[in-house]
Amino acid sequence: MAIVLRSIPGIGPVASTMLIAVMPEIGTITGEEAAALTGLAPVAHDSGTLRGKRAIAGGRRALRHVMFQAARVAAHHNPSMRTFADRLRKAGKPHKVIITAVARKLITIAKALCKSRQKWAARAP
């Protein structure tokens, strides 16, 4: 499992170890569940007709902090994550929103690769 996770550009030894130790169920859950367990899922702050801002909350805090660091690396060194982050940046999104989106995408990719037990393979442009 660690070899599969380490094959993803941006996920290093610390992030892969944390994913395995803190979220051992990563290969058996859905992407939404993985994001919620990590604390990267948006939580609504609505009441009646009031519609508040979405924010991330809950989950496994230590893993979320490690995934933020992995997302920063992935946004620079992973070609598909770089294009995703650049697209969000051009849309005018704030830096923290971009890093959170990249971290959530990394968790989803890690979950899918662990489920299929296949290494990362970059897509052709």
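Just above, that's the structure.
Residues numbered from 1 in each chain as written. Predicted model: local features only at pLDDT ≥ 70, side-chain atom pairs only at ≥ 80, totals over all residues. Heavy atoms only, no water.

Caption draft 1: Structural view of the overall build of the chain. In terms of regular secondary structure, the chain is built from 6 helices and 4 strands. In terms of overall dimensions, the chain is globule-like: its C-alpha atoms have a radius of gyration of 15 Å, near the 14 Å expected for 125 residues. Along the first, second and third principal axes, the C-alpha set of the chain runs to 45 × 30 × 20 Å. Expressed as a percentage of its 125 residues, the buried residues of the chain come to 36%. Just so you have it, the chain exposes about 7,500 Å², and 58% of that area is on carbon and sulfur atoms. Averaging the coordinates of the 21 positive side-chain charges in the chain and doing the same for the 5 negative ones gives two points 8 Å apart. (Helix = DSSP H or I, 4+ residues; strand = E, 2+ residues; numbered from the N terminus. Rg over C-alpha atoms; globule rule 2.2 N^0.38 Å. Buried < 20%, exposed > 50% of the residue type's maximum accessible area, 1.4 Å probe, protein only. Areas by Shrake-Rupley, 256 points an atom, 1.4 Å probe, with all protein chains shown as cover. Lys, Arg positive; Asp, Glu negative; His and termini not counted. Charge placed at Lys NZ, Arg CZ, Asp CG, Glu CD.)

Caption draft 2: Representation of the packing of helix α3 (residues 31–38) against helix α6 (residues 95–116) within the structure. Direction vectors running N to C along α3 and α6 enclose 125 degrees, while the axes themselves pass 9 Å from each other. Between α3 and α6, the interaxial angle falls into the category oblique. The interaxial crossing formed by α3 with α6 has right-handed handedness. Here α3 contributes Gly 31, Glu 32, Ala 34, Ala 35 and Thr 38 to the contact with α6, which in turn contributes Arg 104, Ile 107 and Lys 111. (Axes fitted to C-alpha atoms, helices over the stretch in contact; angles between N-to-C directions. Parallel < 35°, antiparallel > 145°, perpendicular 65-115°, else oblique. Left-handed = near helix turned anticlockwise from the far one by under 90°. Contact = heavy atoms within 4.5 Å.)

Caption draft 3: Examining the pattern of salt bridges more closely. In this structure the tally under the stated criterion is 2 salt bridges. Between Asp 86 and Arg 89 there is a salt bridge, with the nearest N and O atoms lying 2.6 Å from each other. In this pair, Asp 86 and Arg 89 both sit in helix α5 (residues 79–90), 3 residues apart, roughly one turn of the helix. (Salt bridge = Lys/Arg side-chain N within 4 Å of Asp/Glu carboxyl O.)

Caption draft 4: Region of interest: α3. If you check which residues of α3 are buried, you get Gly 31, Ala 34, Ala 35 and Thr 38. Here the buried residues of α3 occupy an arc of 100 degrees about the axis, which is enough to place them on one side. Packed against the buried residues of α3 are α4 (61–77) and α6. Note on α3: the residue one or two positions beyond its end, Gly 39, has a positive phi of about 85 degrees. (Arc of directions from axis to C-beta.)

Caption draft 5: Focus on the packing of α4 against α5. At a minimum axis distance of 6 Å, the contact between α4 and α5 shows a crossing angle of 95 degrees. One way to sum up the angle between α4 and α5 is to call them roughly perpendicular. Here Ala 74, Ala 75, His 76 and His 77 of α4 lie close against α5, whose contacting residues are Pro 79, Met 81, Arg 82 and Ala 85. Residue composition of the contact of α4 with α5, grouped by class: 5 nonpolar, 2 polar and 1 charged. (Nonpolar A, V, L, I, M, F, W, Y, C, P; charged D, E, K, R; others polar.)

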